[in-house]
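Each chain is listed here by its residues.
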Amino acid sequence: MEFAELIKTPRVDGVVLHRPFLPLVEGTLCLTGHHLILSSRQDNTEELWLLHADIDFIEKRFVGSSGTIIVKCKDLRIIQLDIPGMEECLNIASSIEALSTLDSVSLMYPFFYRPMFEVIEDGWNLFLPEESFKDLESMTDEWRLSEVNRDFSICPSYPPLVVVPKDTDDDTLLKVASFRHGGRFPVLSYYHKKNGMVMMRAGQPLIGPNGRRCKEDEKLINATLRAGKRGYIIDTRATAVAQQAKARGGGFEQEANYPQWRRIHKTIERYSVLQDSLIKLVEACNDQSHSMDRWLSKLEASNWLSHIKEILTTACLAAQCIDREGATVLVHGTEGTDSTLQVTSLAQILLDPSCRTIRGFQALVEREWLQAGHPFQHRCAQSAYSSGKLHGEAPIFLLFLDCTWQILRQFPCSFEFNENFLVLLFEHAYATQFGTFLGNSAAERATLKLPQKTVSLWSWVNRPQEMEGFVNPLYEPNSLVIWPSVAPQSLQLWEGVFLRWNRSSKCLDEAYEEMVHIIEYNKELQKKVNSLRRQLAQLETEGSPLHTP
Amino acid sequence: MEHIRTSKVEQVRLLDRFSNKSTTGTLHLTATHLIFVESNSTSAQEIWILHHHIASVEKLSLTTSGCPLVIQCRNFRMVHFVVPRERDCHDVYSSLLRLLRPESYDELYAFSYNPKQNDRQREEGWQLIDLAAEFERMGVPCDQWQLTDVNRDYKVCETYPRDLYVPITASKPIIMGSSKFRSKGRFPVLTYFYQEKKAAVCRSSQPLSGFSARCLEDEHMLQAVSKANPNTRYIYVIDTRPKLNALANRAAGKGYENEDNYSNIRFQFVGIENIHVMRSSLQKLQEVVGTRALSVTDYLVGLENSGWLRHVKAIVDAAIFLTRAVTVEGASVLVHCSDGWDRTAQVCSLGSLLMDPYYRTIKGFMVLIEKDWISFGHKFADRCDQLDGDPKEVSPIFTQFLECVWQLTEQFPQAFQFSEWFLIQIHEHVHSCQFGNFLGNSQRQREELQVKEKTHSLWAHLLSGQQNYLNPLYCPSYGYTNPVLEPSTLPCHFKFWRNMYHQFDRPMHPRQSILKQALTLKENNRELESIAQNLQAKLQKLGVSTSPLEVRLSPRECALPPRPKSLILGAPFSRKEVHQEDEDELVEGEEAREDIPVGSDGDRTVEGGSATENGYGELPLSCGSKPEPAMGKLELCLKSM
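Per-chain numbering applies: the sequence of each chain, read as written, is numbered from 1 onward. The naming scheme follows written order: chains are lettered A onward, ligands numbered 1 onward. Owing to the predicted nature of the model, reporting of local features is limited to residues with pLDDT of at least 70; listing and counting of side-chain atom pairs is limited to 80 or more, with chain, interface and lining totals taken over all residues. Derived side-chain values reflect all non-hydrogen atoms in the structure, with water molecules and hydrogen atoms excluded from consideration.

Student: Tell me about the overall build of chain B, residues and numbers included.
Tutor: Secondary structure is summarised from DSSP: a helix means a run of H or I of at least four residues, a strand means a run of E of at least two, and numbering begins at the N terminus for each. A tally of regular secondary structure across chain B gives 22 helices and 14 strands. Buried means the residue's accessible area, taken with a 1.4 Å probe over protein chains only, is under 20% of the maximum for its type, while exposed means over 50%, and partly exposed covers the values in between. Looking at chain B residue by residue over its 641 residues, the buried ones come to 60%. Long-range pairs, those at least 24 residues apart, make up 70% of the contacts in chain B with a sequence separation of at least 6. For chain B, the accessible surface area stands at approximately 25400 Å², while carbon and sulfur atoms represent 49% of it. Here, two residues are considered to be in contact whenever any of their heavy atoms come within 4.5 Å of each other. Only the protein chains shown count as cover for residues, with accessible areas throughout obtained via the Shrake-Rupley method and a probe of 1.4 Å.

Student: An account of the overall build of chain A is needed here, citing residue identities and associated values.
Tutor: When helices and strands are tallied, chain A shows 20 helices and 14 strands. Radius of gyration means the value over C-alpha atoms here, while the globule rule gives 2.2 Å times the residue count to the 0.38 power. For 549 residues, the compact-globule estimate of 2.2 N^0.38 gives 24 Å, and chain A sits close to it at 26 Å. Its C-alpha atoms give chain A principal-axis dimensions of roughly 85 × 75 × 50 Å. Residues classed as buried in chain A amount to 62% of the 549 residues present. The contacts of chain A with a sequence gap of at least 6 include a subset with a gap of at least 24, amounting to 70%. When the accessible surface of chain A is summed, it comes to about 21100 Å², and 52% of that surface belongs to carbon and sulfur atoms.

Student: Give me the UniProt feature "active site" (unreviewed entry) in chain B: which residues, what numbers.
Tutor: Residue and element names in this part refer to chain B. As annotated in UniProt, the feature "active site" (unreviewed entry) corresponds to Cys337 in the numbering used here. Relative to the helices and strands, Cys337 is located in the loop between strand S14 (332-336) and helix H10 (343-355). Non-local contacts of Cys337, meaning those with residues more than four positions away in its chain, are made with Ser204, Ser205, Gln206, Asp239, Thr240, Arg241, Asp342, Arg343 and Thr344. UniProt positions are given in the numbering used here, feature names are shortened, and annotations may be inferred rather than shown by experiment.

Student: If you had to explain the packing of aromatic side chains to someone new, which residues and values would you point to?
Tutor: Given two aromatic rings, their pairing is described by the distance between the two centres and the angle made by the two planes. Aromatic rings from Phe, Tyr and Trp, taking only the six-membered ring of Trp, are treated as a pair when their centres fall within 6.5 Å; an angle between ring planes under 30 degrees marks them as stacked, one over 60 as edge-to-face, and anything in between as tilted. This structure, assessed with the given rule, holds 56 aromatic pairs over all chains. Here Phe418 of chain B and Phe422 of chain B contribute two aromatic rings whose centre-to-centre distance is 5.1 Å and whose plane-to-plane angle is 45 degrees, an arrangement assigned as tilted. Take Phe418 of chain B: its relative accessible area is 1%, and that puts it in the buried class. Members of the aromatic cluster, connected to one another through ring pairs, are Phe127, Phe361, Trp369, Phe376, Phe397, Phe400, Phe415, Phe417, Phe421, Phe437, Trp458 and Phe470 of chain A. One residue, Arg77 of chain A, lies across the ring of Trp501 of chain A, its end atom 5.0 Å from the ring centre. Here, a charge over a ring is recorded when the distance from Lys NZ or Arg CZ to the ring centre is within 6 Å and its angle to the ring normal is within 35 degrees. In this structure, Arg379 of chain A packs its charged tip against the face of Tyr271 of chain A, placed 4.2 Å from the ring centre.

Student: Mind laying out the nonpolar core, listing which residues take part and the relevant values?
Tutor: Here, nonpolar core means buried Ala, Val, Leu, Ile, Met, Phe, Trp, Tyr and Cys residues that are tied together by side-chain atoms lying within 4.5 Å of each other. In terms of nonpolar packing, the biggest core is built from 217 residues, with Phe361 and Phe498 of chain A together with Phe365 of chain B touching the most fellow members. Other than its neighbours up to four places away in sequence, Phe498 of chain A contacts Leu76, Leu278, Leu281, Val282, Cys285, Trp304, Leu398, Asp402 and Leu493 of chain A. Residues Leu136, Val187, Leu220 and Ile233 of chain A belong to the second largest nonpolar core, which totals 30 residues.

Student: Outline the sheet that holds strand S11 (residues 197-201) of chain A, supporting the account with residue identities and numerical values.
Tutor: Residue and element names in this part refer to chain A. Two strands pair under a simple rule: DSSP has to find at least two bridges between them. The mixed open sheet is built from five strands, whose spatial order is S10-S11-S14-S12-S13. Of all strands in the sheet, those with a lone pairing partner are strand S10 (187-192) and strand S13 (261-265), marking the two edges. Taking the axes of each pair of neighbouring strands and ignoring which way they run, one obtains an average angle of 20 degrees across the sheet. Note that S11 and strand S14 (residues 329-332) share three bridges and pair parallel. Bridge pairing in S14 links Arg201 to Val331. An axis is simply a line fitted to the C-alpha atoms; with a helix, the fit covers only the stretch in contact. Between two such axes, the angle follows the N-to-C directions and lies from 0 to 180 degrees.

Student: Tell me what's going on with the packing of H10 of chain B against helix H13 (residues 397-411) of chain B, and back it up with residues and numbers.
Tutor: Residues and elements named next belong to chain B. At a minimum axis distance of 10 Å, the contact between H10 and H13 shows a crossing angle of 20 degrees. Here H10 is positioned roughly parallel relative to H13, judged by the angle of their axes. Handedness of the crossing formed by H10 with H13: right-handed. Each of Gln346, Ser349, Leu350, Leu353 and Leu354 in H10 lies in contact with H13, whose residues at this interface are Ile397, Gln400, Phe401, Cys404, Val405 and Leu408. Relative orientations are named as follows: roughly parallel for angles under 35 degrees, roughly antiparallel for angles over 145 degrees, roughly perpendicular for angles from 65 to 115 degrees, and oblique for any other angle. Working rule for handedness: look at the near helix, and if it is turned counterclockwise from the far one by less than a right angle, call the crossing left-handed; if clockwise, right-handed.

Student: With reference to specific residues and values, describe a nonpolar patch on the surface.
Tutor: All names here are of chain A. On the surface, a cluster of nonpolar side chains totalling about 250 Å² of accessible area is made up of Phe62, Met86 and Leu90. Considering the arrangement of structural elements, one finds Leu90 in helix H2 (residues 86-99). The exposure class assigned to Leu90 is partly exposed, which follows from its relative accessible area of 40%. Here the term patch refers to residues with relative accessible area over 30% and no salt bridge, with like charges joined within 9 Å and nonpolar side chains (Val, Leu, Ile, Met, Phe, Trp, Tyr) within 5 Å. The salt bridge criterion pairs a side-chain nitrogen of Lys or Arg with a carboxyl oxygen of Asp or Glu, the two atoms within 4 Å.

Student: Hey, could you go over the packing of helix H4 (residues 170-179) of chain A against helix H5 (residues 215-222) of chain A for me, with residue numbers and the actual values?
Tutor: Residue and element names in this part refer to chain A. At a closest axis distance of 8 Å, the pairing of H4 and H5 adopts a crossing angle of 110 degrees. In this view, H4 runs roughly perpendicular relative to H5, as classed from their interaxial angle. Our pair here, H4 against H5, has a crossing hand that is left-handed. On H5, the residues touching Thr172, Leu173, Lys175, Val176 and Phe179 of H4 are Glu216, Asp217 and Leu220. For this scheme, ten residues count as nonpolar: Ala, Val, Leu, Ile, Met, Phe, Trp, Tyr, Cys and Pro. Four count as charged, namely Asp, Glu, Lys and Arg, and the remainder, Gly too, count as polar. Each residue belonging to the contact of H4 with H5 can be placed in one class, and the counts come to four nonpolar, one polar and three charged.

Student: Explain the sheet that holds strand S13 (residues 265-269) of chain B to me, and be specific about the residues and the numbers.
Tutor: Residue and element names in this part refer to chain B. Overall, mixed pairing links the five strands, which are arranged S10-S11-S14-S12-S13 in an open sheet. Each having just a single partner strand, strand S10 (189-194) and S13 make up the two edges of the open sheet. If you compare each strand with its neighbour and ignore which way they point, the axes differ by 20 degrees on average. Bridge count for strand S12 (residues 235-239) against S13 is five bridges, and the pairing is parallel. Paired with Tyr236 across the bridge in S13 is Arg266.

Student: Provide a residue-level description of H13 of chain B, including the pertinent values.
Tutor: Residues separated by three or four positions in an α-helix point in the same direction, a consequence of the helix having 3.6 residues per turn. Taking 1.5 Å of rise per residue, the 15 residues of H13 of chain B would be expected to cover 21 Å, and the 22 Å separating its terminal C-alpha atoms lies within 8% of that figure. Counting buried residues in H13 of chain B gives 15 out of 15 residues, a clear majority hidden from the surface. Here a helix's expected span is defined as the number of its residues, less one, multiplied by 1.5 Å.

Student: Before we move on, can you summarise the environment of Leu521 of chain B with the specific residues and values?
Tutor: Following the sequence through the fold, Leu521 of chain B ends up in helix H20 (residues 514-541). By relative accessible area, which is 15% here, Leu521 of chain B ends up buried. Residues contacting Leu521 of chain B, with those up to four places away along its chain left out, are Ile518, Ile519 and Asn522 of chain A.

Following this line, the structure appears as structure tokens:
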């Protein structure tokens with residue numbers, strides 16, 4: 001076992017754990033291959049089990065002969081371990097550092113994790129493209145399921161099965177793939193049942209400096225237009241950025257070649273900018289200074305809420321084109337694996353009520369993020385405490401969850417899930433015992449044999465006893481398209497994630513429980529009244545009033 | 001009314017504040033209200049604006065479509081009309097100019113408002129709040145504190161109430177001497193008594209100490225306050241001003257207590273800014289949030305530059321300091337600022353609210369306002385600009401206090417019996433001059449105006465509609481388990497109060513409200529309980545015994561794992577049932593939205609959310625297809641590609 005080599009000191013006694021808003025715990029610290037465990041070895045005190053993979057960064061401090069390790073986690077929690085003995089402290093620190101930055105995916109915990117629960121419904125088989133295509137078929141016959149990418153050779157970041165216009169054959173797809181970044185030819189992302197309009201997504205067209213053209217590409221997307229109607233291309237990059245991309249072989253659709261399309265540029269930032277934004281935001285949130293001006297200026301300087309606003313606005317725009325303008329929409333940025341997915345998935349939450357259910361949201365994440373090839377492993381390798389050189393880390397998915405939370409806040413009765421569910425997805429995207437978010441694409445997941453070797457997050461979440469904690473008690477299905485406000489006054493810092501460890505949540509927890517209590521009591525009363533009514537009705541029809549003394 | 005030059009103008013356009021949407025209707029001018037009635041619409045919305053609510057009216061230069069009239073209200077409503085003919089616009093404008101600035105009190109709405117009540121009901125309304133009973137509740141008079149009659153005829157201090165509570169050992173000469181040594185004669189008196197530790201919260205104005213003056217009676221007065229508390233040998237003196245301001249006052253013969261002259265005082269500045277700073281701060285804030293197409297950066301920079309949240313935090317910080325001194329150390333405290341009716345009122349009332357759960361109930365909150373604001377002479381007439389007065393005296397001090405309370409309700413969602421709607425309603429009526437409670441600058445003035453004889457009390461009005469203001473999550477036992485609130489004052493826990501400052505900007509609100517939903521459910525629960533009881537009674541008559549209704553334990557009893565959840569208590573609630581939204585689906589172009597909030601006097605508008613109202617971006621219009629009729633009105637600027 002290689003882990004043993006990395007663990008220099010497996011056990012230290014007399015370690016003191018400090019956690020925000022919780023009492024100190026003194027106990028024994030143990031390191032295993034995947035966990036940092038602190039146990040007081042008393043029956044009634046809590047133990048700490050921390051996945052090494054959840055550790056973002058550690059700091060060491062020494063006072064006299066004892067040392068302190070400050071552990072900064074990817075879920076933004078900061079804990080402190082006081083370790084007696086300089087050498088032990090150094091050993092523990094270097095072991096944690098090594099174990100939390102393992103290179104090989106196959107050494108990750110999900111490959112070792114054995115569920116303590118019975119898998120009733122295997123999450124790996126829950127959201128198969130074939131199945132969702134059946135739903136589509138029941139609504140329209142204008143699309144087909146193509147197997148052109150069955151061995152991932154056309155587009156390494158696409159799944160084996162993709163939905164394309166019916167009249168477009170696989171040969172055409174091959175040609176279009178060579179004209180789109182990463183081979184990401186336009187595929188169906190969403191079909192709007194209400195008016196038959198669609199949303200597609202792709203990689204940027206490889207126009208290049210010489211203005212390359214691909215007739216098949218034009219034909220493919222034109223095939224999705226209704227007679228006499230035009231469509232919208234939403235480019236998630238600013239015009240200038242898209243122009244620059246031409247010099248590097250990319251670019252955007254030239255109007256001369258796409259006369260039936262209107263192109264709109266929006267400015268969604270790319271990963272390094274977003275990662276920087278997250279780091280600054282979390283730094284601001286952890287600042288214990290009591291200066292209001294300092295807080296507001298740091299919050300502003302992080303730009304996080306600006307990014308939220310821009311992403312939400314773009315998603316709303318896409319939804320507006322489809323629902324209000326009755327137009328077809330194609331969304332792309334550069335690669336089509338980041339900002340594009342933020343826009344297409346959020347637009348679906350606005351347009352499609354089923355995406356606001358727990359299962360529907362899982363299906364959306366599966367379809368628009370996992371199958372669509374968002375590189376989770378790269379993007380979520382490091383979180384807000386990362387330092388040094390980054391390798392494509394970025395909170396793209398967290399921004400999507402935050403935007404979803406903003407919509408949930410504005411429509412608190414229209415979502416079947418609550419905030420906890422979104423927080424859970426954030427946690428598991430960064431560190432997990434489940435295989436769902438491992439790998440960067442369907443191809444990588446297939447190579448790693450994740451469905452065979454790991455447990456799906458959905459297998460766990462969908463068990464009734466877990467589900468209970470994620471259900472929004474206020475939920476009442478709302479079949480309408482929802483239009484959130486994107487005014488800065490309507491957007492809020494997501495306290496459940498960013499201030500989670502900086503505040504005591506007791507009052508809010510209790511209030512939430514009270515809310516649940518009111519709703520459950522209502523259901524109970526209704527039942528009671530109904531049964532009493534029945535009882536009374538029965539007695540009255542029997543017509544034999546019993547007079548007891 | 002002689003001031004109304006025109007009573008009706010047709011074909012007036014009302015422009016939306018944040019989008020290019022507009023509606024057309026008729027403008028009516030009555031003696032008390034400016035009313036806009038939307039024409040040719042199924043849901044003909046009406047906007048009622050009370051003249052007293054108008055802070056400013058501006059006539060802009062003529063445009064091709066007519067003459068713009070911009071009206072800013074004290075309740076943060078902003079309306080922009082376009083009147084087709086300049087003459088009409090001018091008539092409305094000049095009528096309003098006269099109407100919004102009454103010259104005498106008898107012109108105020110309160111003296112003509114008649115809610116169809118008989119005199120007995122009206123009188124009962126005024127008897128609802130009894131401050132003597134309130135002091136009794138606190139445990140005063142007692143062996144250390146007594147009621148003094150020195151101010152029976154407002155001779156010692158005309159801005160104080162008649163009934164004042166002072167230490168037993170403070171003799172009349174001491175009181176008289178002390179009052180001469182304090183600005184406006186406002187000598188130290190009791191405002192809250194923390195029975196548990198026999199610690200007192202006293203208030204006053206600044207001493208007239210200048211650079212070296214001293215007053216033995218005043219020193220005795222503070223000593224008397226100190227002696228009345230067996231716990232500690234010292235008292236705190238909290239000067240709520242920034243030290244610099246207090247120093248500047250010394251040059252004018254005023255100032256602050258010299259620790260060398262007063263034995264056993266612990267002196268502390270807490271640095272709350274003056275009324276002028278607060279006025280311009282809120283003005284700046286309003287300008288920022290009133291900007292169209294505001295970016296997040298400009299919003300946050302503007303929020304910071306306005307300083308508003310910094311001021312709010314300063315007040316909460318001061319109240320916490322006061323609360324700790326009283327509840328933890330058991331020390332008595334004297335709070336003052338310059339005149340002792342602005343910052344002092346804020347800090348004393350907020351501190352009491354933190355210490356005493358009673359003030360977190362609907363009735364208790366009314367008592368608190370009655371005591372610390374109304375009776376102790378917060379100058380409502382000047383601060384709220386009730387009559388045509390000095391604009392430099394106007395300041396949102398009371399609004400700021402309400403916001404501090406709101407910030408607390410956000411941190412303690414179960415501690416308050418009332419919801420933010422209660423606070424917003426109080427704010428509405430502090431400026432409406434519809435009720436007598438807030439008229440004038442002092443109790444004495446209100447007596448002269450005979451408000452109790454001639455006007456109605458707001459408290460009766462609010463209590464009669466109190467089901468609208470209940471906080472559905474309120475837990476009455478919370479006050480027992482948490483008698484003293486200890487809020488966090490980290491800056492990140494202070495939020496912008498959107499539902500106050502944008503109360504009329506519907507598109508900015510959450511489209512569904514947890515508050516409303518929970519309130520409806522709770523009401524429903526009460527109905528169901530009584531139905532079930534009736535049914536059980538009927539069954540019992542028929543000889544069938546049923547199990548009694550089980551009242552379930554609140555989840556308070558079960559231990560909860562520490563897990564973060566934020567609860568969104570959002571928009572104002574409405575009577576409209578949630579199910580209604582399903583019906584909306586049938587209406588082309590309808591969106592999921594809330595409807596008219598109740599608890600208003602019908603002067604709120606309905607504004608649903610829609611894709612374009614929110615201004616997501618520029619959609620090129622000419623897109624082959626004809627725009628839907630609904631889209632016709634909407635601005636869709638063409639963006640060249």
